[in-house]
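Read off the chains here:
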Amino acid sequence: MSVHLHWFLPTGGDGRTLVDRHAYTDGGIRRDRITPVSGVRAPDIEYLAQIAKAAEQLGFEAVLTPTGTWCEDTWLTTVALTQVTERLKFLVAFRPGVISPVLAAQMAATYQRISRGRLLLNVVTGGDSTEQKRFGDHLGHDRRYSRTDEFLQIVRGVWGGRPFDFQGEHYQVEGGLTALPPDPLPQIFFGGSSAAAGPVAARNVDVYLTWGEPPEEVKQKIDWIRGLAEKEGRTVRFGIRLHTISRDSSKEAWATAGRLLDDLDPETVAAAQQALGKSESVGQQRMLALHGGSRDKLEISPNLWAGVGLVRGGAGTALVGSHAEVADRIEEYHSLGIEHFVLSGYPHLEEAYWFGEGVRPELAARGLLDAGPAPLDGVPAANGRPASAPGGAPLLIAGGR
């Protein structure tokens, strides 16, 4: 089992701070409780193309795009980026409650033909009722997962190329059909830590994603989902969503983490924690429990830093350390059964280079990566780094603080 490396496409904006480009008060509408953020990079197509091209050049397999009010539409943005990349795949996040399952299956088929097979799907059931209601979705937490279960059964059914009927609580389909099924079928990624989420993963998905928790807690999740899948007669693979701060030395990496933390004033952290604490997502509550809103003892496991989760919803932990130390932690998670690593860092362009030039060679040397197209084709610099980043520094293209 090899490691699959993926990066993140910040379609909600990017910058040199952990503070998201949206506010935390009133579901993100008011901004009066948030410290003004400087050095923000808008998610225009030119900047996102820089990140996508960098990820492809550095040897990442795919990029994940988020979904929600504060992000650009994932389908439209990524299909545009397929035209400026060659082999990079796109892990498109979307919410099943706001689109017809038959239409989603048709869209995926079209996407595969346009991109020549570069689509992956990340199904996001949703853990925030306020956000769901913006899109006209008024179901409660557990019923949303029940609907996702039906949604995925229908998607797979209509990909069969023959009329498909389905009668469920949430959907009734007669003769559902994708006339030209996608080839290959997109892998389906899915995450959820609640009791309602586990059976959905076991019955329907290819890759179960967890946010970055300490290894022992990740192992418990893997064992839970694996056991449920075995009862369904299925095998599920596993992935993890993490941020990274990787540098030539551990001291440099932790200094960078410290700078990100110093940017956060108490009012911003308090506003974020108040808003995030209202989430119905069990995974989000697990993220909050890792730090309890405190800046003390944020290294919750060797090289695993929970500082990101003080202000950011969703994935709230980062691997912090030297390139070798970060590779050690990836190898540790891999030994538990994690195959897919969906990574990110602030800013996403520079951190892609730090990881791709620093950690990826470490993983390759340990035999954890499949042989594939060589990243960063070109003449290496004297220090062994590619010439695109002379002197060992990450390539800086866009401005920022």
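What you see is a predicted model; the values in this text were computed from it and never measured.

S.K.: Give a detailed account of the packing of helix H6 (residues 197-204) against helix H7 (residues 215-231), specifying residues and quantitative values.
M.R.: The interhelical angle for the contact between H6 and H7, taken along N-to-C directions, is 55°, at an axis separation of 8 Å. As the angle between them shows, H6 and H7 are arranged oblique. Considering the relative orientation of H6 and H7, their crossing is right-handed. Facing Gly 198, Pro 199, Ala 201 and Ala 202 of H6, the residues of H7 in contact are Trp 224, Ile 225, Leu 228 and Ala 229. Grouping the constituent residues of the contact of H6 with H7 by class yields seven nonpolar, one polar and no charged.

S.K.: Run through the environment of Arg 147, naming residues and quoting values.
M.R.: With respect to the helices, strands and loops of the structure, Arg 147 is situated in helix H5 (residues 141-158). It is 7.8 Å that separates the C-alpha atoms of Arg 147 and Glu 169, two residues lying 22 residues apart in sequence. Non-local contacts of Arg 147, meaning those with residues more than four positions away in its chain, are made with Gly 97, Gln 132, Asp 137, Leu 139, His 170 and Tyr 171.

S.K.: Report on the packing of aromatic side chains, specifying residues and quantitative values.
M.R.: Inspection of the entire model under this criterion finds nine aromatic pairs. An aromatic cluster of three or more residues is present, and its members are Trp 75, Phe 94, Tyr 111, Phe 151 and Tyr 171. Lying over the aromatic face of Phe 8, Arg 312 brings its terminal NZ or CZ to 5.8 Å of the ring centre.

S.K.: Describe in detail the environment of Thr 78, supporting the description with residues and values.
M.R.: Within the element layout of this structure, Thr 78 appears in helix H2 (residues 74-81). The spatial distance from the C-alpha of Thr 78 to the C-alpha of Thr 65 is 7.9 Å, given a sequence separation of 13 residues. Excluding residues that lie within four positions of it along the chain, Thr 78 makes contacts with Leu 9, Thr 65, Phe 90, Val 92 and Tyr 111. A polar contact is formed between the side chain of Thr 78 and the backbone oxygen of Trp 75, at a distance of 3.4 Å. Engagement of the side chain of Thr 78 in a polar contact is seen with the side chain of Tyr 111, the distance being 2.8 Å.

S.K.: Explain the pattern of salt bridges to me, and be specific about the residues and the numbers.
M.R.: Applying the stated criterion across every chain yields a total of 20 salt bridges. Taking the shortest distance from any N to any O, the salt bridge between Arg 16 and Glu 350 comes out at 2.9 Å. Highlighted residues: Arg 16 in the loop between strand E1 (4-8) and helix H1 (45-57) and Glu 350 in helix H12 (residues 348-365), separated in sequence by 334 residues. Glu 350 sits in the buried class, given a relative accessible area of 3%. For Asp 223, the salt bridge goes to Lys 219, with nearest N and O atoms at 2.9 Å. Of this pair, Asp 223 and Lys 219 both sit in helix H7, four residues apart, which is roughly one turn of that helix. Look at the salt bridges and you will find they share partners, linking Asp 328, Glu 331, Glu 362 and Arg 366 into a network.

S.K.: Give a detailed account of helix H8 (residues 250-262), specifying residues and quantitative values.
M.R.: Look at H8: 18 Å from first C-alpha to last across 13 residues, which is about the 18 Å you get at 1.5 Å a residue. All of the buried residues in H8 are Ala 253, Thr 256, Ala 257, Leu 260 and Leu 261. Buried residues along H8 cover an arc of 140° about the axis, so they all sit on one side. Turned more than 90 degrees off the buried face of H8, the exposed positions are Lys 251 and Asp 262.

Cut-off values and rules
Residues numbered from 1 in each chain as written. Predicted model: local features only at pLDDT ≥ 70, side-chain atom pairs only at ≥ 80, totals over all residues. Heavy atoms only, no water. Axes fitted to C-alpha atoms, helices over the stretch in contact; angles between N-to-C directions. Helix = DSSP H or I, 4+ residues; strand = E, 2+ residues; numbered from the N terminus. Parallel < 35°, antiparallel > 145°, perpendicular 65-115°, else oblique. Left-handed = near helix turned anticlockwise from the far one by under 90°. Contact = heavy atoms within 4.5 Å. Nonpolar A, V, L, I, M, F, W, Y, C, P; charged D, E, K, R; others polar. Phe/Tyr/Trp six-rings, centres within 6.5 Å; stacked < 30°, edge-to-face > 60°. Lys NZ or Arg CZ within 6 Å of the ring centre and 35° of its normal. Polar contact = N/O pair within 3.5 Å; in protein donor to acceptor, adjacent residues only side chain to side chain. Salt bridge = Lys/Arg side-chain N within 4 Å of Asp/Glu carboxyl O. Buried < 20%, exposed > 50% of the residue type's maximum accessible area, 1.4 Å probe, protein only. Expected span 1.5 Å × (residues − 1). Arc of directions from axis to C-beta.

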